[in-house]
Amino acid sequence: MRAYIARRLLQAVAVVFGVITLMFFMFRLMPADPTTMLVEQGLSDEARQALLEQWGLTGSMAEQYWRYLVNMATGNFGSSFFYQKPAWDVLLPMIINTAWIAVPGMLLGALVGCALGIRVGWARRGSATERAGIFLATIIRGVPSFVLGIFMLAIFSTWLRWLPGFGMGQLGLTDDFGRYFTSSFFLHLVLPVATLAIFFIPENLLLMRSGVVENRGEDYIELVRAKGVSESRVAWHAARNSMLPVITWLFPALAETVAGIIVIEVVFSWPGVGRELVLAVGRQDYPVAQAAFFVLAVMIVLANLLADLVYVKLDPRVTYT
Amino acid sequence: MTVSAAKSTKAREALALWSATKRKTIFAPLLDTFDLLVRDRFALAGMIIIGLFLLVALFGHMIAPYDPTQTLRSPDGGLARLQPPSMRHWLGTTAYAKDVLSQLLVGTRVAFIVGISAALVVGFISTLLGLLSGYYGRYVDDIIMRFTDFAMSIPTLPIAIVAVAILGSSLRNIIIVIALLFWRNGARIVRSVVLTEKEKVYVQAARAAGASHTYIMVTHILPNVIPVAFLWMTMSTAFAILAEASLSFLGLGDPNTTSWGQMLNIAFTTGSSRTAWWWVIPPSLCLVLLISSIYVVGRAYEEKTNPKLRKA
């Protein structure tokens, strides 16, 4: 068990290392080095050389790679061309902003999705509940997150004027975590979180439903039913065993969900990591783009790691060596 | 009377002959499932919708009333900006005075080009890697699966954003990037089928009879893998269309083509998406209809091929 966790941790580190290496080569595939656009703005040759050195773009590929690894290990992502300050300082507050919509949105989506999934999975095969549930889930799953966002914005913000849909609103004046606890911030939070939750529900619903359908024919369900407990308790037995596949699927599905988060951040002008990645790419501010990509990749690796560790706790049948 | 009877016997004979021959091809399982799909009402509706979109993709540029890139003027000479639907412009015009209907019709083709080409590449890579990995096992399996694990942990859209920004946002690059992202789950799914299939007695019998590995893989295992690979390709088509639309919506689409995602991008960035419903609803609806239809068909197909989900 301990060996398994150790191996899993090692694997996570290896993946992060792989992502970093991939990033190194991708950002060096760029047709022109980033100074060319600064040269056009009247940069002298010496200044350009100094900049190249500062960004670690001089020397052989191996040297560059080594310096790059050292920089990454020490958390040095270079300086943003656009903000004129370290890329990490730009991103740090944005990571918190992203977490504010990502965590509640996904938890809410998973919760509602699973609850509905149990309901649909337990319904009589071929009943109206089952057909409607699956049909709606499949349709909603086909709605791109930006379409969902644009319509939420148009309906609740422009048409009904119930909720704001742009940015984060007024934050508190203090510099600590308490500044998020303003009513304006929470009002701005509602639409992005709701959109993310809706985006996340169908996948959970369908997975949970498949699990329940597969489990409901098992002998142990008959046994529970024979004991004379209520139907909802019987359903709960099937549901508990259906959660394992949901959990294993949920976390890898994060890789796809991040896509939803990026787009939702853009639609609601939410100053998070995803939106910053898109903006940085547009501004050719590649230290920030690189750092934002790194943050998103690490988020997914961590989530996967968490999923596997939770799984160890949840499923006593599996032995790990 | 007798003529039609004779005709129908002939037709029946032909059908019997056709179904006898179709068993021989590796696509036989697909044709069987197609028969089943036609009987599923939702799947049939989905296939009809996809078929209609395909027609638009093929002939859309012919029926488009205007050139989608042309800046239009109203009869009084001014630019026809943000006009609501009228007889001249059935779906109104954009903020840059382009015809929405024409853009919509022409944009359909981009969705199909991206979806189908990405799915073909995805199908090829995942079938190949899944076959090799599952059949040979041991270190081949180890190498391919560790590589797949790694690929699985790369966030899809972020890497697509970075890659397209670096390589340039041409339609070809977008397709390549998308295809390189979605093979990973497919390879795993194919591998799991190969693992169960290769343990069957007939494979050992073929091996004992002197068949080569390649021969067994192609003639015995591949036909059993095709339905699963095809299911994944179907889903990949939807993923690819969605990914292209997302990239285009973020402003990273091919600037030389007109796509649904790009229409929404322009509507959103010009701030018209809150008011110009005639510009926003059509591409949104088309994306939802097409992607959902593919999902519905894929889902029905999965129900037919996965005995565990089949109705008791």
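See the structure printed just above.
The structure displayed is predicted, hence computed values, not measured ones. One numbering rule holds for all chains: residues counted from 1, following each sequence as written. Chain letters start at A and ligand numbers start at 1, both assigned in the order the entries are written. With pLDDT at 70 or above as the cut-off, local features in this predicted model cover only qualifying residues; side-chain atom pairs require 80 or more to be listed or tallied, and sums for whole chains, interfaces and linings still use all residues.

Participant: It is not clear to me how the overall build of chain B should be interpreted in this structure. Could you clarify?
Facilitator: For helices the rule is a DSSP run of H or I covering at least 4 residues; for strands it is a run of E covering at least 2, with both sets numbered from the N terminus onward. A tally of regular secondary structure across chain B gives 11 helices and 0 strands. Of the regular secondary structure in chain B, the N- to C-terminal order runs α-α-α-α-α-α-α-α-α-α-α. With C-beta atoms placed from the backbone, the exposure class of a residue follows from how many other C-beta atoms lie within 10 Å of its own: 20 or more, buried; 12 or fewer, exposed; in between, partly exposed. Every one of the 312 residues in chain B was classed for burial, and the buried ones make up 45%. Looking at chain B alone, contacts between residues at least 24 apart form 72% of all its contacts between residues at least 6 apart. A pair of residues counts as a contact when their C-beta atoms, built from backbone coordinates, are separated by no more than 7 Å.

Participant: Could you clarify how one ought to interpret the interface of chain B and chain A in this entry?
Facilitator: A common measure of how large an interface is: the accessible area buried when the components associate. Taken residue by residue, the interface counts 37 residues in chain B and 43 residues in chain A. Secondary structure elements with two or more residues in the side of chain B that touches chain A: α5 (138-152), α6 (156-167), α9 (213-249), α10 (260-269) and α11 (277-305) of chain B. With 9 residues, the single largest contributor to the side of chain B that touches chain A is α11(B). All amino acids are sorted into three groups, where Ala, Val, Leu, Ile, Met, Phe, Trp, Tyr, Cys and Pro are nonpolar, Asp, Glu, Lys and Arg are charged, and the leftover types, Gly among them, are polar. For the side of chain B that touches chain A, the class distribution of residues is 26 nonpolar, 7 polar and 4 charged.

Participant: Got a minute to help me understand unusual backbone geometry in this structure?
Facilitator: Most peptide bonds adopt trans geometry, and most residues besides glycine take a negative phi value. All names here are of chain A. In this structure, S269 takes a positive phi of about 45° despite not being glycine. Within the secondary structure, S269 sits in the loop between α11 (254-267) and α12 (273-283). Its 15 C-beta neighbours within 10 Å are what place S269 among the partly exposed residues.

Participant: Is there a simple way to explain the packing of helix α7 (residues 171-198) of chain B against α9(B) in this structure?
Facilitator: Two quantities define a packed helix pair, namely the angle between the helix axes and the distance between the axes. Residues and elements named next belong to chain B. In contact at an axis separation of 9 Å, α7 and α9 are set at 155° when each is read in the N-to-C sense. What the angle tells us is that α7 and α9 run roughly antiparallel. Classified by chirality, the crossing of α9 by α7 is right-handed. Contacts between α7 and α9 involve I174, I178, F182, G186, I189, V190, V193, V194, E197 and K198 on the former and, on the latter, I221, N224, V225, V228, A229, W232, S236, F239, A240, A243, E244 and L247. Of the residues assigned to the contact of α7 with α9, the class counts are 16 nonpolar, 3 polar and 3 charged. Only the contacting stretch of a helix is used when fitting its axis, a line to C-alpha atoms as for every element, and angles between N-to-C directions run 0 to 180 degrees. Note on terminology: angles under 35 degrees are roughly parallel, angles over 145 are roughly antiparallel, angles of 65 to 115 are roughly perpendicular, and the others are oblique. A crossing counts as left-handed when the near helix is turned anticlockwise from the far one by less than a right angle, and as right-handed when that turn is clockwise.

Participant: Sorry, what's going on with the packing of helix α7 (residues 145-159) of chain A against helix α8 (residues 183-215) of chain A here?
Facilitator: Residues and elements named next belong to chain A. Two elements in contact, α7 and α8, have axes separated by 10 Å at closest approach and are oriented at 140°. It follows that α7 is oblique to α8 by the angle criterion. Crossing of α7 over α8 shows right-handed handedness. Every residue of α8 that contacts α7 at S145, L148, G149, M152, L153, F156 and S157 is listed here: L191, A194, T195, I198 and F199. By residue class, the composition of the contact of α7 with α8 is 8 nonpolar, 4 polar and no charged.

Participant: Help me understand α7(B), please; the structure alone is not making it clear to me.
Facilitator: Two residues of an α-helix separated by three or four positions point the same way, owing to the 3.6 residues in each turn. Expected span of a helix: the number of residues minus one, times 1.5 Å. Helix length check: α7(B), at 28 residues, gives a terminal C-alpha distance of 39 Å against a target of 40 Å (1.5 Å per residue), a fit within 8%. In the structure, α7(B) departs most strongly from a straight axis at B:W183, where the bend amounts to approximately 35°. The bend at a residue is defined as the angle formed between two axes, one fitted to the seven residues ending at that residue and one fitted to the seven starting there.

Participant: Hey, could you run me through the environment of A:G274 in this one?
Facilitator: Residues and elements named next belong to chain A. Within the fold, G274 resides in helix α12. A tally of 30 C-beta atoms within 10 Å means that G274 is categorised as buried. The spatial distance from the C-alpha of G274 to the C-alpha of R48 is 30 Å, given a sequence separation of 226 residues. Beyond its immediate stretch of four places on either side in the chain, G274 contacts T98, I261, I262, E265 and L296.

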